[in-house]
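Structure at a glance
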Amino acid sequence: MTRLNLAILISGRGSNMEAILEAAQDPAYPAKPVLVLSNRPDAKGLETARAAGIATAAIDHKTYGKDREAFERVVHEQLTEAGVEIIALAGFMRVLTPWFVNKWQGRMVNIHPSLLPKYKGLDTHQRALDAGDTEAGCTVHWVSPGVDDGEIIQQASLPILPGDTADSLAARLLPVEHQLYPEALSKACADIQTRA
Ligand code: GAR
């Protein structure tokens, strides 16, 4: 089986990235991390990736002001140079333009901390609590031009407990995300290989 060259895009802590890197240590895992890229040069996850021996790139979106596409052209160039075949967005907090999404459509997945289609965008946990939901969860989906809108690959849920806050919910959900993402990414790779 050939492994797909994987780029992980992050903006901060990178704990989901770490879960993927761990899974990918297994030579049978269908993706091989070749690049971790961040739009924030100070992202903690970059250090973690370097320590794991993965090539990293930092492309500060602030350099490009309001020109989102100019930023994305540089990102795209780096991904292409690294021979990337699949992208995992893991806490990457920049909305991507249709230009970039179309270039990578069918080859880019994202993790979102809600049971989509509920709570696209930000503050997902608080919105689940405010709505009186009895469960929360996370979703891995294909990235399409609409924000948090692409076809769902896999979801995982957990009960909301009495007294839960947005923070306690986020903390209990995080290990669930770490379990889900490598599994769902593996499915995405299988899907790409089937299409090829
Ligand atoms: C994760 O909870 C992820 O689901 C969320 O950001 C966090 C990143 O944590 N992503 C989004 O909200 C995307 N809209 P991490 O950097 O430790 O993986």
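Parameters and conventions
- Residues numbered from 1 in each chain as written.
- Predicted model: local features only at pLDDT ≥ 70, side-chain atom pairs only at ≥ 80, totals over all residues.
- Heavy atoms only, no water.
- Core = buried A, V, L, I, M, F, W, Y, C linked by side-chain atoms within 4.5 Å.
- Buried < 20%, exposed > 50% of the residue type's maximum accessible area, 1.4 Å probe, protein only.
- Helix = DSSP H or I, 4+ residues; strand = E, 2+ residues; numbered from the N terminus.
- Near = heavy atom within 4 Å.
- Polar contact = N/O pair within 3.5 Å; in protein donor to acceptor, adjacent residues only side chain to side chain.
- Areas by Shrake-Rupley, 256 points an atom, 1.4 Å probe, with all protein chains shown as cover.
- Nonpolar A, V, L, I, M, F, W, Y, C, P; charged D, E, K, R; others polar.
- Pairing = 2+ DSSP bridges.
- Right-handed = clockwise from strand over helix to strand, strands pointing away.

The next subject is the nonpolar core. In terms of nonpolar packing, the biggest core is built from 39 residues, with Ile8 and Val109 touching the most fellow members. In terms of residue count, the dominant contributor to this core is helix 6 (residues 166–195) (9 residues). Formed by 20 residues, the second largest nonpolar core is a distinct cluster that contains Ala7, Ala57, Phe100 and Val101.

Let us look at the site of the ligand. In the vicinity of the ligand, the residues found are Arg13, Gly14, Ser15, Asn16, Gly91, Met93, Ile111, His112, Pro113 and Glu177. At a separation of 2.8 Å, an oxygen atom of the ligand approaches a polar backbone atom of Gly14. Separating an oxygen atom of the ligand from a side-chain N or O atom of Glu177 is a distance of 2.7 Å. When the free accessible area of the ligand is taken as 450 Å², the share hidden by the protein chains comes to 85%. Its residues assigned to classes, the shell around the ligand shows 3 nonpolar, 5 polar and 2 charged.

Counted residue by residue, strand 5 (residues 108–112) has 5 buried out of 5 residues, so it is predominantly covered. Burial along strand 5 is two-sided: the face carrying Met108, Asn110 and His112 and the face carrying Val109 and Ile111 are both buried. In this sheet, strand 5 lies alongside strand 4 (residues 86–89) in parallel orientation, the contact comprising 3 bridges. By the bridge assignment, Ala88 is partnered in strand 5 with Val109. In this fold, the crossover linking strand 4 to strand 5 by way of helix 4 (residues 98–104) has right-handed handedness. Relative to strand 6 (residues 135–142), strand 5 runs antiparallel, the two being bridged by 4 bridges. Residue pairing for strand 6: Asn110 is matched across the bridge by His141.

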